[in-house]
Amino acid sequence: MEHPDGGEPEDRHLGDGGDDPFDDAGFRTPLPADDRLWRHPSELDLRAPVGAVGATPPAGPRAATSWSTAAVAGLLGGVLTVGVIAGTGLLRDEPPVRQTIVRETVAPVFAADQPSGDAVVRIAAEAGPAIVRIEVRGDQDGSGSGVLFRDDGHVLTNAHVVDEAERIMVVLSDGSSFDAELVGLDEVTDIAVVKVTAPTPFPTALLGTARDLEVGEATVAIGSPLGLIGGSSVTTGVVSALGREVDSPDGPPLLDMIQTDAAIAPGSSGGALLDMQGTVIGITTAIAVSQVGAEGLGFAVPIDLATRVGAQIIDGGRAVHVWLGIEGRDLDVARAADAGLKGGAEVTDVVGNSPAAAATIDDGDIIVALDDERVPSMAGLVIALRGRSPGDVVTLTLIRGGNVIDVEVTLEERTS
């Protein structure tokens, strides 16, 4: 692709086995996937009865079930699977609402030690009222959790909790319950927004950021496991890993997930993962369990992504994702070492009439940076593109025939 001044793309020769030209100090590389160790949430079958719904229960007895299917992978003799708690949803027109209040985003304060009892009590008291239980009715009744993040009743939750629901009810921490409407959902990120249909202001959670998280930081998880009545449950732990990839048999994998050892039981999907300042850093999405009964791995969507998707759903009824128009795979470790690289995304196919085709990206090109930020893998490329909008012009740095080439690409909206 020609540069704006009409010249040819810039070529920079890559020496044999030389230093990686994008080895910038401070660049943060997401952790690699563990070779199908993790499995997408739709893979485990967990069922449990659920009690009555809050202050205004629906007529007649009801039971809620959580579902998913599991694929397994061996690890040190133990079999781990990842499961999510699923439900179903109904899309309705959203009525006009008054001016809303959105809690401001604050910078995190890191805790060097494990969470103290006093700190956890404070966090539970402050954040607990904004964590709700979500009851769904449909072909399969279900139960999940949600986070009130706007005082007009908008709730962040997981798409799999409310997908295909015929009726949605939100139960507050004080036991009161309200009908809710599905505003929209995004299966790519497993994020959904529901709106409580009640006129009064609601308590809201304080939103933080996951951008500067570090492995080992203390966490608190709040959700409604197993649909139990009597308010949310609180567990503690640490950030166990960052940048996890959770595979999906029915769609794209969940990327850049936060892994925590704070217990996340069935029914807690859509709940809050918080730091020790009491700010929400993630929406809990998936759990991992062992055949031998040892639990201790949970996953959360970073709150930065969840709120971005949530705002798009509220504003336009759907999430907007950009389209590059390539298929690819992670650069082979041996090839990367031979080229002096620390990773990359190898293009295996370019879709015709796509932004990538217009930018003359070819099969076999290795994408190593986007706007001068390292691309360690195909997942890393997808994550980097999530912060862009249709119409944005980005610079991709490629390795082609041993040369370093910069090309500009105008991104388009993905329609399917």
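How each quantity is defined
- Residues numbered from 1 in each chain as written.
- Predicted model: local features only at pLDDT ≥ 70, side-chain atom pairs only at ≥ 80, totals over all residues.
- Heavy atoms only, no water.
- Helix = DSSP H or I, 4+ residues; strand = E, 2+ residues; numbered from the N terminus.
- Buried < 20%, exposed > 50% of the residue type's maximum accessible area, 1.4 Å probe, protein only.
- Contact = heavy atoms within 4.5 Å.
- Areas by Shrake-Rupley, 256 points an atom, 1.4 Å probe, with all protein chains shown as cover.
- Phe/Tyr/Trp six-rings, centres within 6.5 Å; stacked < 30°, edge-to-face > 60°.
- Core = buried A, V, L, I, M, F, W, Y, C linked by side-chain atoms within 4.5 Å.
- Pairing = 2+ DSSP bridges.
- Arc of directions from axis to C-beta.
- Salt bridge = Lys/Arg side-chain N within 4 Å of Asp/Glu carboxyl O.
- Patch = residues over 30% accessible without salt bridge, like charges linked within 9 Å, V, L, I, M, F, W, Y side chains within 5 Å.
- Lys, Arg positive; Asp, Glu negative; His and termini not counted.
- Charge placed at Lys NZ, Arg CZ, Asp CG, Glu CD.
- Axes fitted to C-alpha atoms, helices over the stretch in contact; angles between N-to-C directions.
- pLDDT = per-residue confidence, 0-100.

### A closer look at the overall build of the protein chain
A tally of regular secondary structure across the protein chain gives 6 helices and 23 strands. Evaluated residue by residue, the protein chain yields a buried proportion of 51% over its 416 residues. Here the contacts in the protein chain between residues at least 6 apart in sequence split such that 68% fall between residues at least 24 apart. Accessible surface, the protein chain as shown: approximately 17800 Å² in total, 51% of it carbon and sulfur.

### Description of the packing of aromatic side chains
Scanning the model with the defined rule gives 1 aromatic pair in all. Ring plane angle 90° and centroid distance 5.8 Å describe the contact between Phe178 and Phe202, whose orientation is recorded as edge-to-face. Here Phe178, found in strand S8 (residues 177–186), pairs with Phe202, found in the loop between strand S9 (191–196) and strand S10 (218–223); they are 24 residues apart in sequence, far enough to count as distant. A relative accessible area of 6% places Phe202 in the buried class.

### Some thoughts on the nonpolar core
Ranked by internal contacts, the top residues of the largest apolar core, which has 54 residues, are Ile134, Leu156, Val162, Ile168, Val170, Val194 and Val280. The element best represented in this core is helix H3 (residues 303–316), accounting for 6 residues. Discounting chain neighbours no more than four positions away, the residues touching Val170 are Val132, Arg133, Ile134, Ser176, Ser177, Phe178, Ala180, Val194 and Val196. Core analysis: the second largest hydrophobic core is formed by 22 residues, Val347, Ile361, Leu370 and Leu411 among them.

### Some points on the pairing of strand S18 (residues 345–350)
On a regular strand, one side chain projects to one face of the sheet and the next to the other, so that they alternate. Two elements, strand S17 (residues 326–330) and S18, share 5 bridges in a ladder whose sense is antiparallel. The residue bridging Arg329 from the neighbouring strand is Glu346, located in S18. Relative to strand S19 (residues 366–370), S18 is paired through 2 bridges, and the arrangement is antiparallel. Following the sheet pairing, Ala345 is matched in S19 by Ile367.

### Side note on helix H1 (residues 117–127)
Among the residues of H1, Ala119, Val120, Ile123 and Ala127 are the ones counted as buried. Along H1, the residues classed as buried sweep out an arc of 95° about the axis, all on the same side. Exposed residues lying more than 90 degrees from the buried face of H1 are Asp118, Val121 and Ala125. Residues of H1 that are buried sit in contact with strand S4 (131–137), S10, strand S11 (233–246) and strand S13 (272–274).

### Some words on the pattern of salt bridges
For side chains bearing opposite charge, pairing can occur when the charged atoms are close. Scanning the model with the defined rule gives 10 salt bridges in all. Among the salt bridges present, the one from Asp365 reaches Arg400, with a minimum N-O distance of 2.6 Å. Linking Asp365 in the loop between helix H5 (355–358) and S19 with Arg400 in strand S21 (residues 393–400), this pair joins segments that are 35 residues apart in sequence. Taking the relative accessible area as the measure of exposure, Arg400 reaches 26% and is therefore partly exposed.

### A short note on the pairing of S9
Across the 6 residues of S9, 6 count as buried, placing the element largely inside the fold. Of the two faces of S9, both are covered, the one formed by Ile191, Val193 and Lys195 as well as the one formed by Ala192, Val194 and Val196. Of the pairings in the sheet, the one linking strand S6 (residues 154–157) to S9 comprises 4 bridges and is antiparallel in character. Across the sheet, the residue bridging to Val155 is Val194, located in S9. In this antiparallel pair of consecutive strands, S8 and S9, the connection spans 4 residues, and Asp190 shows a positive phi of 60°.

### Examining a negative patch on the surface
A grouping of Asp139, Glu164, Glu166 and Glu187 is seen on the molecular surface, where their side chains present a negatively charged patch. Among the secondary structure elements, Glu187 is positioned in the loop between S8 and S9.

### A closer look at the sheet that holds S4
Taken together, the 6 strands give a closed barrel; going around it, the order is S4-S5-S6-S9-S8-S7, and neighbouring strands pair in antiparallel fashion. Mean inter-strand twist for the sheet, computed between neighbouring axes without regard to direction, equals 40°. Bridge count for S4 against strand S7 (residues 167–171) is 5 bridges, and the pairing is antiparallel. Paired with Arg133 across the two strands is Val171, which belongs to S7. Across the sheet, H3 is in contact with S6, S8 and S9; its angle to S9 comes to roughly 55°.

### A look at the confidence of the model for the protein chain
With 67% of its residues at a pLDDT of 70 or more, the protein chain shows a mean pLDDT of 75. Within the protein chain, S6 carries the highest mean pLDDT (96), whereas strand S2 (residues 73–75) carries the lowest (31). Low confidence marks residues 1–8, where pLDDT is under 50. Its contacts with residues over four positions away, or in another chain, come to 13 contacts. Counting interchain partners and residues more than four positions distant, the pLDDT-below-50 stretch residues 24–113 has 267 contacts.

### As for the environment of Ser224
Tracing the sequence through the fold places Ser224 in the loop between S10 and S11. The exposure class of Ser224 is buried, given its relative accessible area of 2%. C-alpha separation for the pair Ser224 and Ser268, spaced 44 residues apart in sequence, amounts to 5.0 Å. Not counting residues within four places of it along the chain, the set of residues in contact with Ser224 comprises Val132, Arg133, Gly144, Ser145, Ser232, Pro266, Gly267 and Ser268.

### A short note on unusual backbone geometry
Positive phi outside glycine occurs at Asp256, with the angle close to 60°. Among the structural elements, Asp256 can be located in strand S12 (residues 254–260). Judged by its relative accessible area of 29%, Asp256 falls in the partly exposed class. Notably, Asp372 is not glycine yet its phi reads approximately 70°, a positive angle. One can find Asp372 in the loop between S19 and strand S20 (373–374). Under the relative-accessibility criterion, Asp372 is labelled exposed at 58%.

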